[in-house]
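One-letter residues, chain by chain:
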Amino acid sequence: MSTAAAFVYLSAEALRAALESAIPGCQVTVVPNGSPSAQHSLVLDHAHAVEVALYLRDHADYRLDYCSDVAGVDWLDAERKETVKVTKTVETPEGPAEQQVDETRTTLIPGYLEAVYHLYSVEKKHGPVVLRLRTTDRAANTRVPSLTPIWRSAEFQEREAFDLYGIVFDGHPDLRRILMWDNFTDHPMRKDYVPPSEEEEGA
Amino acid sequence: MDDHALAPQQLKDLKVELSKNGVFTTTLEELYNWGRRSSVWPLTFGLACCAIEMIATTMARYDLARFGAEVFRPSPRQADLIIVSGTVTKKMAPQVVRLYNQMPEPKYVIAMGACAISGGPFRDGYNVLKGIDRYIPVDVHIPGCPPRPEALIHAFMTLQKKIDAQSLRGSDRPRHLQSGAPSEFPVPAFGEHGLEPTLNADVFPPQAESPFKVLP
């Protein structure tokens, strides 16, 4: 029973409401997860991310003292096509008339990089709470605030996301590449990364 | 004198006949090759899952000691053979070449398993070298993922046959007896997109004949 209660307690909507009332000005967006696991996640704004993280770690109700995982995600530019019914004036043999016409609208969703944090509470035995930090775009503005000052376990994993995705974590104490060598310039886990071809490396 | 010279087969028969009568004959070449092939000491060096099979090969069940190769040396200065057992990542490749360079001649290389030969299942990865024979000359390639201990033993026996067949004179003499042949190979550097250079044209692609010309 207590676990079921904990899951309700940590529901993304309840968390969003609690955070927005506790931290003035913070913007939290819920990203629903349609799969059976229903692990909805929270997108944080950069300005309040550290404050929110500190609140989740230290507040007596949450005590999310364990950051198990930091993952990088690369979201390319995407086009969303939707068909909408539009009322238009159409020329007909009987003269102009209003008609319902199907129209396809294409919206461009600009790409961005994302760092996903999975939090648990060892003390309260609940979790996970999933936090997301998104960069402005994939090229020039790839900065997000680092949560390493809140959870030390994020240190190496943020370095890995920096190395392989190119996400720059502001406030990280030691942001260097961790897997590839220092003068490597690419970010191999990005979706548009092309590894050296057989020809380039010699057949 | 040439009229009285014995054909190779006759010479062999004569040696067998003599040994039956308690007279042991040999040549310097045979003795030298026998010594080399019977005490090939590998480097204590493993890279991935193939190394587990290599370790199994040395233990009692497969017993690499039967081939004189039970003494794994933890220093390249004392090793005759480097078994490249596993995936060579681009970050590890310079260290492998450096270890090989630090071994004294005569020295041999066994590329063990699909990864060491070609990169194996990770060939298309950004971080995996497409075969160690791009940087150092490999004597025996063993396929398999990983190869069983029997396959490694077979590679050992192949290497021993190769050593046995080497003659100390002539154009096909081993590399360490050729004054101009290198015993060290360039160590690749970490570049902005990968290793530089991507291969050593002196050793890759591997050739059946020694790629080194004999100096007069």
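Residues numbered from 1 in each chain as written. Chains lettered and ligands numbered in written order. Predicted model: local features only at pLDDT ≥ 70, side-chain atom pairs only at ≥ 80, totals over all residues. Heavy atoms only, no water.

Asks: Could you give an account of the sheet that holds strand 6 (residues 112-121) of chain A, with specific residues and numbers?
Replies: All names here are of chain A. With respect to topology, five strands assemble into an open sheet ordered 1-2-7-6-3, the strand pairing being mixed. Each end of this open sheet is capped by a strand with a single partner; those strands are strand 1 (28-31) and strand 3 (66-75). Strand-to-strand twist in this sheet, taken as the mean axis angle between neighbours without regard to direction, amounts to 25°. Sheet topology note: the strand 6/strand 7 (residues 126-134) ladder contains seven bridges and is antiparallel. Each bridged residue has a counterpart across the sheet, and for histidine 118 the counterpart in strand 7 is valine 130. Across the sheet, helix 2 (residues 12-22) touches strand 1, strand 2 (41-44) and strand 7, and the angle it forms with strand 1 is around 175°. (Pairing = 2+ DSSP bridges. Helix = DSSP H or I, 4+ residues; strand = E, 2+ residues; numbered from the N terminus. Axes fitted to C-alpha atoms, helices over the stretch in contact; angles between N-to-C directions. Contact = heavy atoms within 4.5 Å.)

Asks: Talk me through the environment of B:Arg148; I want residue IDs and the actual numbers.
Replies: All names here are of chain B. Tracing the chain through its elements places arginine 148 in the loop between strand 3 (140-142) and helix 6 (149-164). Sequence spacing of arginine 148 and phenylalanine 67 is 81 residues, and the spatial spacing of their C-alpha atoms is 17 Å. The residues contacting arginine 148, other than those within four sequence positions of it, are Glu53 and Tyr62. A polar contact of 2.9 Å, which involves the side chain of arginine 148, links it to the side chain of tyrosine 62. (Polar contact = N/O pair within 3.5 Å; in protein donor to acceptor, adjacent residues only side chain to side chain.)

Asks: How would you explain the sheet that holds strand 1 (residues 81-85) of chain B if you had to name every residue and give the values?
Replies: By definition, the strands of a sheet pair up through backbone hydrogen bonds, in either a parallel or an antiparallel sense. Residues and elements named next belong to chain B. With parallel pairing, the three strands of this open sheet are ordered in space as 1-2-3. Every interior strand has two partners, whereas the edge strands, strand 1 and strand 3, have only one. Between one strand axis and the next, the sheet turns by 15° as a mean value, whatever way the strands run. The pairing of strand 2 (residues 108-112) with strand 3 spans three bridges and is classified as parallel. Along strand 3, the bridge assignment pairs methionine 112 with isoleucine 142. Contacting strand 1, strand 2 and strand 3, helix 6 crosses the sheet at an angle of about 150° to strand 2.

Asks: An account of the domain arrangement of chain A is requested, with residue identities and associated values reported.
Replies: You can read the domains of chain A as domain 1 (8-74 + 113-196) and domain 2 (77-110). Taking the mean C-alpha position of each, domain 1 of chain A and domain 2 of chain A sit 39 Å from one another. (Domains from an automatic or database assignment.)

Asks: Lay out the UniProt feature "domain: NADH:ubiquinone oxidoreductase 30kDa subunit" (unreviewed entry) in chain A in plain terms, naming residues and giving numbers.
Replies: As recorded in UniProt, the sites labelled "domain: NADH:ubiquinone oxidoreductase 30kDa subunit" (unreviewed entry) are residues 44-196 of chain A. A distance of 36 Å separates the end C-alpha atoms of residues 44-196 of chain A, which is 14% helix and 43% strand. (UniProt positions renumbered as here; feature names shortened; annotations may be inferred.)

Asks: Mind laying out the interface of chain A and chain B, listing which residues take part and the relevant values?
Replies: Of the residues lining the interface, 18 residues belong to chain A; the matching set on chain B comes to 15 residues. The junction of chain A with chain B conceals about 1600 Å² of combined surface from both sides, 50% of it contributed by carbon and sulfur atoms. At the surface where chain A touches chain B, the tally comes to zero salt bridges. The interface formed by chain A and chain B contains five residue pairs in polar contact (both at pLDDT 80 or more). (Buried area = accessible area lost by both parts, 1.4 Å probe. Salt bridge = Lys/Arg side-chain N within 4 Å of Asp/Glu carboxyl O.)

Asks: Describe in detail the nonpolar core, supporting the description with residues and values.
Replies: Core analysis: the largest hydrophobic core is formed by 41 residues, its most contacted members being A:Leu19, A:Leu56, A:Tyr117, A:Leu119 and A:Leu131. Taken together, the elements giving at least two residues each to this core come down to helix 2, strand 2, helix 3 (49-58), strand 3, strand 6, strand 7 and helix 4 (154-165) of chain A. By residue number, the principal contributor to this core is helix 3 of chain A, which donates five residues. When sequence neighbours within four positions are dropped, the list of residues in contact with A:Leu119 reads A:Leu56, A:Leu64, A:Tyr66, A:Cys67, A:Gly127, A:Pro128, A:Val129, A:Leu131 and A:Trp151. With 22 residues, the next largest nonpolar core counts B:Ile82, B:Val88, B:Met103 and B:Ala111 among its residues. (Core = buried A, V, L, I, M, F, W, Y, C linked by side-chain atoms within 4.5 Å. Buried < 20%, exposed > 50% of the residue type's maximum accessible area, 1.4 Å probe, protein only.)

Asks: Kindly report on unusual backbone geometry, identifying the contributing residues and their values.
Replies: Following B:Glu105, the chain continues into B:Pro106 via a peptide bond in cis, with omega recorded as -5°. For B:Pro106, the location among the structural elements is in the loop between helix 4 (93-102) and strand 2. Here B:Cys145 and B:Pro146 are connected by a cis peptide whose omega angle stands at -10°. Take B:Pro146: it is sitting in the loop between strand 3 and helix 6. Phi is positive for A:Lys125, close to 55°, though the residue is something other than glycine. Relative to the elements of secondary structure, A:Lys125 occurs in the loop between strand 6 and strand 7. Using a relative accessible area of 68% as the deciding quantity, one classes A:Lys125 as exposed. The phi angle at B:Asp63 is positive, at roughly 60°, despite the residue not being glycine. With respect to the helices and strands, the residue B:Asp63 is situated in the loop between helix 3 (49-58) and strand 1.

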